[in-house]
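# Fold and contact review
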Amino acid sequence: MQLLQLFKNLSLWKELCKNLDKVLASCFVSFPSLSAHIIALFLCRCRPPDVVVFPRCVEEVSALAKVCHKHRLPIIPFGTGTGLEGGVGAMKGGVCFSLRNMEQVLDLHPEDFDVTVEPGVTRKTLNAYLRDTGLWFPIDPGADASLCGMAATSASGTNAVRYGTMRENVINLEVVLADGSVVHTAGKGRRPRKTSAGYNLTNLFVGSEGTLGIITKTTLRLYGIPEAMVSAVCSFPSVQAAVDSTVQTLQAGVPIARIEFLDDVMIDACNRFSSLSYPVTPTLFLEFHGSEQSLEEQVKTAEDITQSNGGSDFQWARDTETRNRLWKARHDAWYAALALRPGCKAYSTDVCVPLSRLPQIIVETKEDLIENRLTGPIAGHVGDGNFHCLMVVDPNDPEEMHRVHLFTERLARRALAMDGTCTGEHGVGLGKRALLCEEMGPVGIQVMQSLKDALDPNNLMNPGKILQREEP
Amino acid sequence: MSGRVLVGVKRVIDYAVKIRVKPDNTGVVTDGVKHSMNPFCEIAVEEAVKLKEKKLIKEVVAVSCGPQQSQETIRTALAMGADRGIHVDVSGKDYENLGPLQVSKILAALAKQEDAQLILLGKQAIDDDCNQTGQMTAALLDWPQGTFASEVSLEGDKINLVREIDGGLEHIKINTPAVITADLRLNTPRYATLPNIMKAKKKKIVTVKPADLGVDVTSRLEVLKVEEPPQRQAGRV
């Protein structure tokens, strides 16, 4: 059996693979099993693991972890490999645990609005499974990501403003620790809607990016599929006007489901890519969920607010086909940005600040982009104060790559200076470890390091991510 | 015209499930496996509900032939907007051997009983891929048929239809009453929302037996063996 083979040859593999040690210029790794999965959405240098294993159940994950623990081999959990911060790069080699064969939807309780899934289940697969029940799981990061992977990176989506992020929607986790022991963070099989029992272990592991344990099951909070949806688009004379409209809409108590901001550069790219003709100014894409009556009220309130802020061209749509057309621009944003400079790669920045600071940070960031001759159309989840600059850069131009790198550091520091965070949804991974230190401060980092040392004293779990360690 | 549309909905193994053949090669594993409405039947239901929303027809009746669990499939149709359901109870060996010929006889009998103006079906079921029920039903009733429909519009007592065929798109005009079978691009079916699922619980489902409709469901076909396709051999470059 394949699995036994790996057990026996693990040390042999390690010897063999030392000679295969290669640092690749892109993130596609040479192992056939991984190359189909890892998507080169980011530009940092990536390193393949020495071995990939494909456990089929938590018992196998635990047994494999025990082997790795005994031989001090690094463990890299792998869901769909769609993370944007290099989370699956095996910086010190080691064993990649590809969990894609654990793909069951277990324990659906429609009356309790919860479901438990294994790591191979992606968000689209789950929603297809749930479609007859009238329920859905709304968190929708760009990729069709593994739900356990989304828990590991504390992922978020375009409708976080209404439904929250993974932090608010994970009820329980089954986690295999570095020594192979299996823990249920809220107790085995438990799924109360709220609890105050002991330390919040569930949220300790949410966002831990594979550095504290391997997530093998997650119990998720589900929501009712909205009765009806209305989408709207509105153009504004300035970034300030667009953000003011956002803040006022939230303050008016409108339970808006999505507010997406696109700056003029982004809208221009979208117009060209999708043959649209939106006015080339800051634009908001809005979506409302609810019953027919509540939608009327929500849309009316939002329209009044946008108009009072100088918004114009308020278009809205109710039926699926027209709504999809309206949102096409936003959905194709990534490709539209890439199309601005064919042959280039794109990297997405990801900072998040309090809402009131959003106009200032966007304006300063745009000035920075122009001053440094960088292509960086902006798209953002303004309802959360989170925005992304889609940096389009020529990977063969080291000077430009360097300018982009410095720009992203300045951007993160700008956000930190405004009481924000260096990463709203993508995670720390490899590239933001130094920024995390600035964000948390020495005591905060020390507390994180203590937790890491307690759960993984040999630093086997995804080493080199989140926390920087002094190498001896 | 009664303004009544009959929609056939079939309970099949969910499209996302990995099918496994039973060890005794008599069929595929169905116990404990997720089932749902055949995707082409979903499209048929959606089209019927759209016609009702446009006030072109008055009532949508969902029909399913099978065991007790077929009622869940009818409930999904009700949650999508059908008005009431008819469950034709077929179980055990009769259900295992149920095929398009028997179903088309049942639908023809129901169409007469319910004075239906239109029968909307999916073009085929994803378990047997027969693509026969619509055509047989039309033949039994001597009604016109519009199969592989990707566009349907009612014009007085006639129907304009666009069919997806190998050569491209065929535009036809047929009289009512008629049988239409839905193809993939006819529409995008709506999700059943929770409030509609709750409302659907109050809608009526009536159970009848094939004998009540004068239909004999004995099959003239016998399944000899079911086996997996042969394993793919490695190619040579």
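Residues numbered from 1 in each chain as written. Chains lettered and ligands numbered in written order. Predicted model: local features only at pLDDT ≥ 70, side-chain atom pairs only at ≥ 80, totals over all residues. Heavy atoms only, no water.

Chain B has the name Electron transfer flavoprotein subunit beta in an unreviewed UniProt entry, where Astatotilapia calliptera is given as its organism. Per UniProt, the comment on chain B under Subcellular location (unreviewed entry) is "Mitochondrion matrix". Here chain B is described in UniProt, under the heading Sequence similarities (unreviewed entry), as follows: "Belongs to the ETF beta-subunit/FixA family." (UniProt positions renumbered as here; feature names shortened; annotations may be inferred.)

Identification of chain A as Probable D-lactate dehydrogenase, mitochondrial from Astatotilapia calliptera is taken from an unreviewed UniProt entry. Quoted verbatim from the Function (unreviewed entry) field of the UniProt record, the comment on chain A reads "Involved in D-lactate, but not L-lactate catabolic process." The annotation that UniProt attaches to chain A under Subcellular location (unreviewed entry) is "Mitochondrion".

## Considerations on unusual backbone geometry
Cis peptide bonds are those with omega within 30 degrees of zero, and the linkage from T176 of chain B to P177 of chain B qualifies with 0 degrees. Within the secondary structure, P177 of chain B is located in the loop between β9 (168–175) and β10 (178–182). The phi dihedral of N459 of chain A is positive, around 50 degrees, even though this residue is not glycine. Mapped onto the fold, N459 of chain A is located in the segment after α16 (433–455). Even without being glycine, N25 of chain B reaches a positive phi, approximately 60 degrees. By secondary structure assignment, the location of N25 of chain B is in the loop between β2 (11–13) and β3 (35–37). (Helix = DSSP H or I, 4+ residues; strand = E, 2+ residues; numbered from the N terminus.)

## Re the sheet that holds strand β1 (residues 51–53) of chain A
Residue and element names in this part refer to chain A. Spatial strand order, β1-β3-β2: 3 strands in an open sheet with parallel pairing. Each edge of the open sheet carries a strand with a single partner, namely β1 and β2 (75–78). Averaged over all pairs of adjacent strands, the angle between strand axes in this sheet comes to 25 degrees, irrespective of strand direction. Note: β1 against strand β3 (residues 95–98), 3 bridges, orientation parallel. When the sheet's bridge partners are listed, V51 is paired in β3 with V95. Sitting on the sheet, helix α3 (residues 58–70) is in contact with β1, β2 and β3, with an inclination near 175 degrees to β3. (Pairing = 2+ DSSP bridges. Axes fitted to C-alpha atoms, helices over the stretch in contact; angles between N-to-C directions. Contact = heavy atoms within 4.5 Å.)

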